[in-house]
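# Understanding the architecture of this molecule
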Amino acid sequence: MNRFQARITAVLLLVVVVGASCAPAPAPLTRDEQVAQIVAFVENSRGHEFLVEPTVTFVPDAVFQQHVLDSIVSAEPGLATDEVAFKALEWMKPTDSLYQKYRIAFGGAVVGFYDPVSKVLEVRGSELTPYRKEVVAHELTHALDDQLFGLNESFGEGVLNESQLSFLVAVEGDAVQTQRSFVASLPPLEQLQSTLEQLSFPIDPELLTVPIALLSLSQAPYLQGPQFVGGLGGNAGIDSMFDRYPTTAEQAWDPAKYLSNEPAVAVATPPADGTVVNAGTWGRFLMTLVLAEGISLDATVSPLTNGWAGDAYVTWRDGASSCIRIDTQSDSVSEAASLSGGLLEWASRHDGATITSVNPTTTRLTSCH
């Protein structure tokens, strides 16, 4: 190539570059178009298509918050019952209301929700920001699962119901797994923007008054859920899960025990020293919270609960005191001794708490405050 040809080539390249830089940028996608992309991602991720095109409604902050508060009114009776156990274990002050603390915890923290009863999917705010995109992916997964399998189920009231907690681990696990896959598909800059957006959310000072055990319980399904569904063998296993949810926390925290459908050993409800308020099963995760003073940052279960075979609890009121008694059966004498040792250490920090042995493999916790 001679100099003349080189100059002509350089000029042509310059014209091409300048022409390209002057080309109009593609118009940004509308909010509806972006939602449609997320719908397609969720369908591809779960391996199913929506039976009915989902609708995502964006709601102003104040209206959205009121909708959230309205949706939890029905939880008040169950929380009033659970309050006895929270106070008996010193997870909250004797004068506080668990329902009011629940309203504080959820009133300002929720950014999106799907209601399987009304089929409404709402997102807080008007802009589809990077974080709201992943919230939409999460809630759309609930909407898809509901259309295919039905999520309008309840296994009991309150937050201390082992069956309901296990159900939430399963359902939220699927949604969180899809949400994480969606985030991984975003450009690195959008992933960073989403993280920064979450860190920028204002914190209600009253949130510091919410029992940490309530916050631990609220986050557990989102933290443990992906570990559970990750052990089910992909979408086919997840689909089957909607026909048979985990029935115990042991199953929800150990997919192998769920897949083998290992049941809990039936344990008789321990006697109450007053009028019974509530009774049921407690489970490994709630026992972990007892041992850890209500604190769980990663939703793992304590090794002191290894060998959990089954349990039963009862709560009652004794004058101004709230009381709880939990009988936990272990698979072996040595595992019962390990649990008893951990509970004895816990009881040493709590006046009004005693730990006894019902038999060589069954440990009894009694606490009144």
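Structure shown above.
Here the structure is a predicted model, which means the values were calculated and not measured.

### Some words on the packing of helix α13 (residues 284-291) against helix α14 (residues 333-347)
To describe two helices that pack against each other, one gives the angle between their axes and the distance between the axes. Viewed as axis vectors pointing N to C, α13 and α14 meet at an angle of 40°, and their least axial separation amounts to 9 Å. With respect to α14, the axis of α13 lies oblique. Note on element contacts: α14 touches α13 through Leu339, Gly342, Leu343 and Trp346, opposite Met287, Val290 and Leu291. Here the residues of the contact of α13 with α14 sort into six nonpolar, one polar and no charged.

### Thoughts on the nonpolar core
Ranked by size, the top nonpolar core spans 56 residues in total, and within it Phe86, Met241 and Trp282 carry the most contacts. In this structure, Phe86 is in contact with Trp91, Met92, Leu98, Val159, Leu160, Pro211, Ala213, Leu214 and Leu217, ignoring residues within four places of it in sequence.

### Overview of the sheet that holds strand β4 (residues 275-280)
Pairing within the open sheet is antiparallel, and its five strands lie in the order β4-β5-β6-β8-β7. What marks the edges here is a single partner per strand, and that holds for β4 and β7 (353-359). Taking the axes of each pair of neighbouring strands and ignoring which way they run, one obtains an average angle of 20° across the sheet. Across 10 bridges, the pairing between strand β5 (residues 308-318) and strand β6 (residues 321-330) is antiparallel.

### With respect to a nonpolar patch on the surface
Together, Leu189, Leu192, Leu196 and Leu199 make up an exposed nonpolar region whose accessible area comes to about 440 Å². Looking at where Leu189 falls in the secondary structure, it is placed in helix α8 (residues 188-199).

### Things to note about the layout of surface pockets
Estimated volume of the second largest pocket: approximately 150 Å³. Classifying every residue of the lining of the second largest pocket by side-chain character gives five nonpolar, two polar and two charged.

### Points about the packing of aromatic side chains
Going through the model one piece at a time under the given rule, you end up with 14 aromatic pairs. Between Phe41 and Phe182 the ring centres are 5.4 Å apart and the planes differ by 75°, which places this aromatic pair in the edge-to-face class. Note that Phe41 is positioned in helix α2 (residues 31-46) and Phe182 in helix α7 (residues 162-185), a separation of 141 residues in sequence. Overall, Phe41 belongs to the partly exposed group, its relative accessible area being 22%. Between Phe228 and Tyr258, the aromatic rings sit 5.2 Å apart at their centres with planes inclined by 70°, giving edge-to-face as the arrangement. Of the two residues, Phe228 sits in helix α9 (residues 212-229) while Tyr258 sits in helix α12 (residues 255-259), which places them 30 residues apart along the sequence. Residue Tyr258 is classed as buried on the basis of its relative accessible area, which comes to 3%. Taken together, the ring pairs connect Phe149, Phe155, Phe167, Phe242 and Tyr245 into an aromatic cluster. Just above the ring of Tyr258 sits the side chain of Arg244; from NZ or CZ to the centre is 4.1 Å.

### Regarding the pattern of salt bridges
Following the criterion strictly, the structure yields 14 salt bridges and no others. Of the charged contacts, one joins Glu250 and Lys257 as a salt bridge, the two residues approaching to 4.0 Å between their closest N and O atoms. When the shortest N-O distance is used, the salt bridge between Arg364 and Asp327 registers 2.8 Å. Of this pair, Arg364 sits in strand β8 (residues 362-368) while Asp327 is found in strand β6, placing the two residues 37 residues apart along the sequence. Under the relative-accessibility criterion, Asp327 is labelled buried at 4%. Each member of the salt-bridge network shares a partner with another, and the members are Arg46, Asp145, Asp174 and Asp239.

### Looking at the pairing of β7
Two strands pair when backbone bridges link them, and β7 and β8 are joined in this way by six bridges, in the antiparallel orientation. Bridge pairing links Thr356 to Arg364 in β8. Between β7 and β8, which follow one another and run antiparallel, lie two residues.

### Some thoughts on the packing of helix α6 (residues 130-149) against α7
Between α6 and α7, whose axes approach to 8 Å, the crossing angle comes to 140°. Overall, the two elements α6 and α7 adopt an arrangement that is oblique. Here the hand of the crossing between α6 and α7 comes out right-handed. Taken together, the residues of α7 that come into contact with α6 (itself represented by Lys133, Glu134, Ala137, His138, Thr141, His142 and Asp145) are Val171, Glu172, Asp174, Ala175, Val176, Thr178, Gln179, Phe182 and Val183.

Parameters at a glance
Residues numbered from 1 in each chain as written. Predicted model: local features only at pLDDT ≥ 70, side-chain atom pairs only at ≥ 80, totals over all residues. Heavy atoms only, no water. Axes fitted to C-alpha atoms, helices over the stretch in contact; angles between N-to-C directions. Helix = DSSP H or I, 4+ residues; strand = E, 2+ residues; numbered from the N terminus. Parallel < 35°, antiparallel > 145°, perpendicular 65-115°, else oblique. Contact = heavy atoms within 4.5 Å. Nonpolar A, V, L, I, M, F, W, Y, C, P; charged D, E, K, R; others polar. Core = buried A, V, L, I, M, F, W, Y, C linked by side-chain atoms within 4.5 Å. Buried < 20%, exposed > 50% of the residue type's maximum accessible area, 1.4 Å probe, protein only. Pairing = 2+ DSSP bridges. Patch = residues over 30% accessible without salt bridge, like charges linked within 9 Å, V, L, I, M, F, W, Y side chains within 5 Å. Areas by Shrake-Rupley, 256 points an atom, 1.4 Å probe, with all protein chains shown as cover. Salt bridge = Lys/Arg side-chain N within 4 Å of Asp/Glu carboxyl O. 1 Å grid on protein atoms, 1.4 Å probe; cavity = no way out; pocket = protein on both sides within 12 Å on 5 of 7 lines; lining within 4 Å. Points joined across faces, edges and corners; volume = space filled by probe spheres on them. Phe/Tyr/Trp six-rings, centres within 6.5 Å; stacked < 30°, edge-to-face > 60°. Lys NZ or Arg CZ within 6 Å of the ring centre and 35° of its normal. Left-handed = near helix turned anticlockwise from the far one by under 90°.

This is a description of form; function is not addressed.
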